[in-house]
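Architecture at a glance
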Amino acid sequence: VLDLAAVPDTVVSPAVYGEKTGGPVLDFSYVGIDAILEQMRRKAMKQGFELNIMVVGQSGLGKSTLMNTLFKSKVSRKSVLATAQEKIPKTVEIKSISHDIEEKGVRMKLTVIDTPGFGDQINNENCWQPIMKFINDQYEAYLQEEININRKKRIPDSRVHCCIYFIPPTGHCLRPLDVEFMRRLSKVVNIVPVIAKADTLTLEERDFFKQKIREELRANGIDVYPQKEFDEDAEDRMINEKIREMIPFAVVGSDQEYQVNGRRLLGRKTKWGTIEVENIAHCEFAYLRDLLIRTHMQNIKDITSSIHYEMYRVRRLNENNTTVAHANGVPEHHLTAHEM
Amino acid sequence: MASTEIARQAGEGVRGVPLAGHVGFDSMPDQLVNKSVNRGFCFNILCVGETGLGKSTLMDTLFNTKFEGEPTQHNQPGVTLKSYTYELQESNVRLKLTVVNTVGFGDQINKEDSYKSIVEFIDAQFEAYLQEELKIKRTLHSYHDTRIHACLYFIAPTGHSLKSLDLVTMKKLDSKVNIIPIIAKSDAISKSELAKFKIKITSELVSNGVQIYQFPTDDESVAEINSTMNSHLPFAVVGSTEEVKIGNKMVKARQYPWGTVQVENENHCDFVKLREMLIRVNMEDLREQTHTRHYELYRRCKLEEMGFKDTDPDSKPFSLQETYEAKRNEFMGELQKKEEEMRQMFVQRVKEKEAELKEAEKELHEKFDRLKKLHQDEKKKLEEKKKSLDDEVNIFKQKKTAAELLLNQAQQAGGSTTLKRDKERKNFF
């Protein structure tokens, strides 16, 4: 490795262009390779980012509210639609809505995919099927674009990057539906389980519940995000182990602000006190937000594109003459090995 | 069985939504950059130009280091491409830099095919990437990208115009790679001649329809500097790794009796401009253009050539796969046939060889037999001769003993010669 001198004396800062440098002012030991970071940043800012989040859980668990809280705006489907009271659908529906949001010059196309009707029927058998199909359909769409002769410059990414699964705060253990769903879907998408409406659990109940859940996940071989097998190096492993010891995050959502100690905070006001959503002593919303948005967003997208999508692609390319519709619409006992 | 309904809201498009507080996804560019820093970067430069135009020196000067390699001889029979890969690091950025040099370019008497090996090389890198992309199990994110991101075309400082070799080569390369033409060893040209030279070159490129790389002007933060630089093309550069003391600083320069050409002095040459454009401002754009334009063009042509078509909206979803499978089977069939043929040929040859060897063996046996017989005959003759010789010797011996006997008797008998004679006569009978 040829090591160049790191810090130059006089530097034409990569962020400052158009300045004429007349005469021999530069210290020639500086080449300027690290300017590529700034070039990348510029390109990323220009292109913007895409993020597709799916929320899965029974109705009434606060999915829409949590989405609104996460993105500090009315991004959920319910906020967009005028209808206040919706009937619970008879079957699982997939409803997707996109928003353009911008923060400090960074533009993001956020797509929230809602799954009303999940787990709400008396007989919930196979209620994960439409969800599986949707996720696979997005992989399929991307694959089709990718194998075109005339390809778009940037293939639109509608693949589900992250699926937040809402566990009802029973305090005991996972229900069979939870286990079934997470077992099947953790193989095709990044699952982030959260304990919904965690303000009904005391801290002890919460810890006990979390431990039970972690045990059950382990016992069933369910690998949720951040998956152990995708840790890249020791540093990754260290960071991710800390997260793995904390999941599932016990969250409370709110899009109402209240006055607490002279500050306006997001929270839920009850007769016995106000739960501050962003206070980590009250609930773990802040950890979830940091994980999903502030630190691991790129990683979540990378795992989706370089692992889940690639696995789908391998399966698909190894198939012979079975169309996707055939594989997905048929009742379970007819399904071939690649469909969970 | 559950049914699905993918509902799209009316008047959908995408809504712009204001945020009520700090969410935190403004860290995305940082997250992306961090990921790239961990992975490291790749940059591949191809230097095309005649021997002796200072390609290697310019690379050394640009990257501030001494790359390996000896100056090439002028007697190469054809154009070959030699590539060297180096790992450079500056602050936290690791760069895998590959420099490819054309060896022997412009040295042949007949230069008609000079461009071919260059085009083949560039295509080979695209092909390697395409192969990886088409693999079933692929590892694109850790693939070492060898596609050429920038081609520096070195123009000889004649001061007049482009050579026809230059035009032909650049025309063949302009749809495959980002070409940045530079005037090499430009300290051989005076300032006024240089201006005329640049104009001549630019007009020749335009009139011949050669598409050189344009520095991008769509991003406001760099549009101005890029468009200024576009007007300075081709850059007139001077390379040097030797340092000369100017004032109280050591600078890279070439020292002549009549003065010193300072490499980093913008009044002397365009080296700083080249470095600025190539590395500090547009390296990422060069990589992106290579991937989204040149590579896509290659891929499109290659796949169409292989017989693929894009799917119709109502045809079966995976004709690429099917066509590929069909081609693959066809190819495998041909391969097997060839293998069979070769095997047959081999068996045939073995048979023939065996027959030949048998023949030879037979001949040898015969020869051996003949020789043996010959030998025996000879032996027999010799034995006969020996026998006759032995007989003669015996006769001679007998005669000798008889003669000796007679002599003895003659001596004993003394005077009675008649007696002797009589006796002799008697003995004789």
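Residues numbered from 1 in each chain as written. Chains lettered and ligands numbered in written order. Predicted model: local features only at pLDDT ≥ 70, side-chain atom pairs only at ≥ 80, totals over all residues. Heavy atoms only, no water.

It is worth spelling out the overall build of chain A at this point. Secondary structure assignment for chain A yields ten helices and ten strands. For chain A, with 340 residues in total, the buried portion stands at 55%. A separation of at least 24 residues holds for 67% of the contacts in chain A among residues at least 6 apart in sequence. When the accessible surface of chain A is split by element, carbon and sulfur atoms take 52% of a total near 15400 Å². (Helix = DSSP H or I, 4+ residues; strand = E, 2+ residues; numbered from the N terminus. Buried < 20%, exposed > 50% of the residue type's maximum accessible area, 1.4 Å probe, protein only. Contact = heavy atoms within 4.5 Å. Areas by Shrake-Rupley, 256 points an atom, 1.4 Å probe, with all protein chains shown as cover.)

We now examine the confidence of the model for chain A. Here chain A shows a mean pLDDT of 81. Residues at 70 or above account for 83%. Throughout residues 320-340 of chain A the model reports pLDDT below 50, and contacts reaching past four residues in sequence, or to other chains, amount to 29 contacts. (pLDDT = per-residue confidence, 0-100.)

What follows is about the sheet that holds strand S9 (residues 263-270) of chain A. Within a sheet, neighbouring strands are paired by backbone hydrogen bonds and run either parallel or antiparallel to one another. Residues and elements named next belong to chain A. Across the sheet, three strands lie side by side as S8-S9-S10; this open sheet has antiparallel pairing. Looking at strand neighbours, the two that pair on one side only are strand S8 (257-260) and strand S10 (273-276), the edges of this open sheet. Recorded for the sheet is a direction-independent mean angle of 65° between the axes of neighbouring strands. The pairing of S9 with S10 spans four bridges and is antiparallel. (Pairing = 2+ DSSP bridges. Axes fitted to C-alpha atoms, helices over the stretch in contact; angles between N-to-C directions.)

Relative to the assigned elements, B:Glu284 resides in helix H8 (residues 283-305). Apart from the residues lying within four places of it in its own chain, the contact partners of B:Glu284 are A:Ile36, A:Gln39, A:Met40 and A:Lys43.

This part takes up the nonpolar core. The biggest cluster of nonpolar side chains holds 87 residues, and the ones touching the most others in it are A:Phe71, A:Ile131, A:Ile164, A:Phe181, A:Met182 and A:Leu185. The greatest single-element share of this core, amounting to eight residues, is contributed by helix H4 (residues 129-147) of chain A. If we skip the residues at most four places from it in the chain, A:Phe71 touches A:Leu51, A:Ile53, A:Ile101, A:Met108, A:Leu110, A:Ile293, B:Leu19 and B:Val23. Within the second largest apolar cluster, 86 residues are counted, among which are B:Tyr115, B:Cys151, B:Val263 and B:Tyr295. (Core = buried A, V, L, I, M, F, W, Y, C linked by side-chain atoms within 4.5 Å.)

With that settled, consider the domain arrangement of chain B. With domains assigned, chain B is organised as domain 1 (38-306) and domain 2 (319-400). On a C-alpha basis, the centres of domain 1 of chain B and domain 2 of chain B stand 64 Å from each other. (Domains from an automatic or database assignment.)

Now for a nonpolar patch on the surface. Together, B:Phe331, B:Met332 and B:Leu335 make up an exposed nonpolar region whose accessible area comes to about 290 Å². Its relative accessible area of 39% is what places B:Met332 among the partly exposed residues. (Patch = residues over 30% accessible without salt bridge, like charges linked within 9 Å, V, L, I, M, F, W, Y side chains within 5 Å. Salt bridge = Lys/Arg side-chain N within 4 Å of Asp/Glu carboxyl O.)

According to the stated counting rule, one finds 49 salt bridges over all chains in the structure shown. Put simply, B:Asp187 and B:Arg254 hold a salt bridge, and the shortest N to O gap is 3.2 Å. Linking B:Asp187 in the loop between strand S7 (179-183) and helix H5 (191-207) with B:Arg254 in strand S10 (residues 249-256), this pair joins segments that are 67 residues apart in sequence. When its relative accessible area of 24% is taken as the criterion, B:Asp187 is described as partly exposed. Notably, a salt bridge pairs B:Glu266 with B:Lys273, separated by 3.3 Å at the nearest N-O pair. We note that B:Glu266, like B:Lys273, is buried. Look at the salt bridges and you will find they share partners, linking A:Lys72, A:Glu278, A:Arg289, A:Asp290 and A:Arg294 into a network.

Here we come to the side chain of A:His161. Residues and elements named next belong to chain A. Structurally, His-161 can be placed in the loop between H4 and strand S5 (162-167). By relative accessible area, His-161 is classed as buried at 1%. Of the polar contacts made by the side chain of His-161, one reaches the side chain of Asp-157; its length is 3.1 Å. With residues near it in sequence (within four places) discarded, His-161 still touches Glu-50, Leu-51, Asn-52, Asn-190, Ile-300, Lys-301 and Thr-304. (Polar contact = N/O pair within 3.5 Å; in protein donor to acceptor, adjacent residues only side chain to side chain.)

Time to look at unusual backbone geometry. Negative phi values dominate among residues other than glycine, just as trans dominates among peptide bonds. Residues and elements named next belong to chain A. Following Tyr-225, the chain continues to Pro-226 via a peptide bond in cis, the omega torsion being -5°. Relative to the helices and strands, Pro-226 resides in the loop between helix H6 (203-219) and helix H7 (234-244). Cis rather than trans, the peptide bond between Ile-247 and Pro-248 has omega equal to -5°. Mapped onto the elements, Pro-248 comes out in the loop between H7 and strand S7 (249-250).

The subject of this paragraph is the sheet that holds S10(B). Residues and elements named next belong to chain B. Across the sheet, which stays open at both edges, the three strands sit in the order S9-S10-S11 with antiparallel pairing between neighbours. Edge positions in the open sheet fall to strand S9 (243-246) and strand S11 (259-262), since each of these has one partner strand only. Neighbour to neighbour, the strand axes of the sheet diverge by 65° on average, direction disregarded. Bridge count between S10 and S11: four bridges; the pairing is antiparallel. For Ala-253, the partnering residue across the bridge sits in S11 and is Gln-262.

To continue, consider helix H4 (residues 164-173) of chain B. Looking only at H4(B), the buried set comprises B:Leu165, B:Asp166, B:Leu167, B:Thr169, B:Met170 and B:Leu173. Where the residues of H4(B) are buried, they touch strand S3 (41-48), helix H3 (114-134), strand S6 (150-155), S7 and H5 of chain B.

Let's shift gears to the packing of aromatic side chains. Counted under the stated rule, the structure contains 16 aromatic pairs over all chains. The interplanar angle of 40° and the centroid separation of 5.5 Å between the aromatic rings of A:Tyr139 and A:Tyr312 together place this pair among those described as tilted. Placement of A:Tyr139 in helix H4 and of A:Tyr312 in helix H9 (residues 297-318) is noted, with a sequence separation of 173 residues between them. Note on A:Tyr139: relative accessible area 1%, which makes it buried. Ring centres of B:Tyr84 and B:Tyr86 lie 6.5 Å apart, and the angle between their planes is 20°; this geometry places the pair in the stacked category. The exposure class assigned to B:Tyr84 is partly exposed, which follows from its relative accessible area of 25%. The structure contains a cluster of three or more aromatic residues connected by ring pairs, namely B:Phe126, B:Tyr129, B:Tyr143, B:Tyr295 and B:Tyr298. Of note, B:Arg147 hangs over the ring of B:Tyr129, and the distance from its end group to the ring centre comes to 3.6 Å. (Phe/Tyr/Trp six-rings, centres within 6.5 Å; stacked < 30°, edge-to-face > 60°. Lys NZ or Arg CZ within 6 Å of the ring centre and 35° of its normal.)

Time to look at the packing of helix H1 (residues 35-47) of chain A against helix H7 (residues 271-281) of chain B. Here H1(A) crosses H7(B) at 65°, and the two axes come no closer than 8 Å. Across from A:Ala35, A:Gln39 and A:Arg42 in H1(A), the residues of H7(B) making contact are B:Ile279, B:Arg280 and B:Val281.

Our focus in this paragraph is the environment of B:Lys196. All names here are of chain B. Its place among the elements puts Lys-196 in helix H5. Owing to a relative accessible area of 61%, Lys-196 belongs among the exposed residues under this scheme. In this structure the C-alpha to C-alpha distance between Lys-196 and Val-393, which are 197 residues apart in sequence, comes to 117 Å.

Moving on, we get to the pairing of strand S2 (residues 49-56) of chain A. Residue and element names in this part refer to chain A. Burial analysis of S2 places eight of its eight residues in the buried class, which makes it a mostly covered element. The sheet contact formed by S2 and strand S4 (residues 106-114) spans seven bridges and is parallel. The residue of S4 that forms the bridge with Leu-51 is Leu-110.

Turning next to the state of the cysteines. Every disulfide links exactly two cysteines, by a covalent bond between their sulfur atoms. All names here are of chain A. Evaluation of the coordinates by the stated rule reveals zero disulfides over all chains. As a non-bridged cysteine, Cys-173 has Cys-127 as the owner of its nearest cysteine sulfur, 18 Å distant. The class of Cys-173 is partly exposed, set by a relative accessible area of 32%. We note that Cys-283 lacks a disulfide partner, and the nearest cysteine sulfur, in Cys-162, lies 17 Å from it. In this structure Cys-283 comes out as buried when scored by relative accessible area, which is 0%. (Disulfide = S-S within 2.5 Å.)

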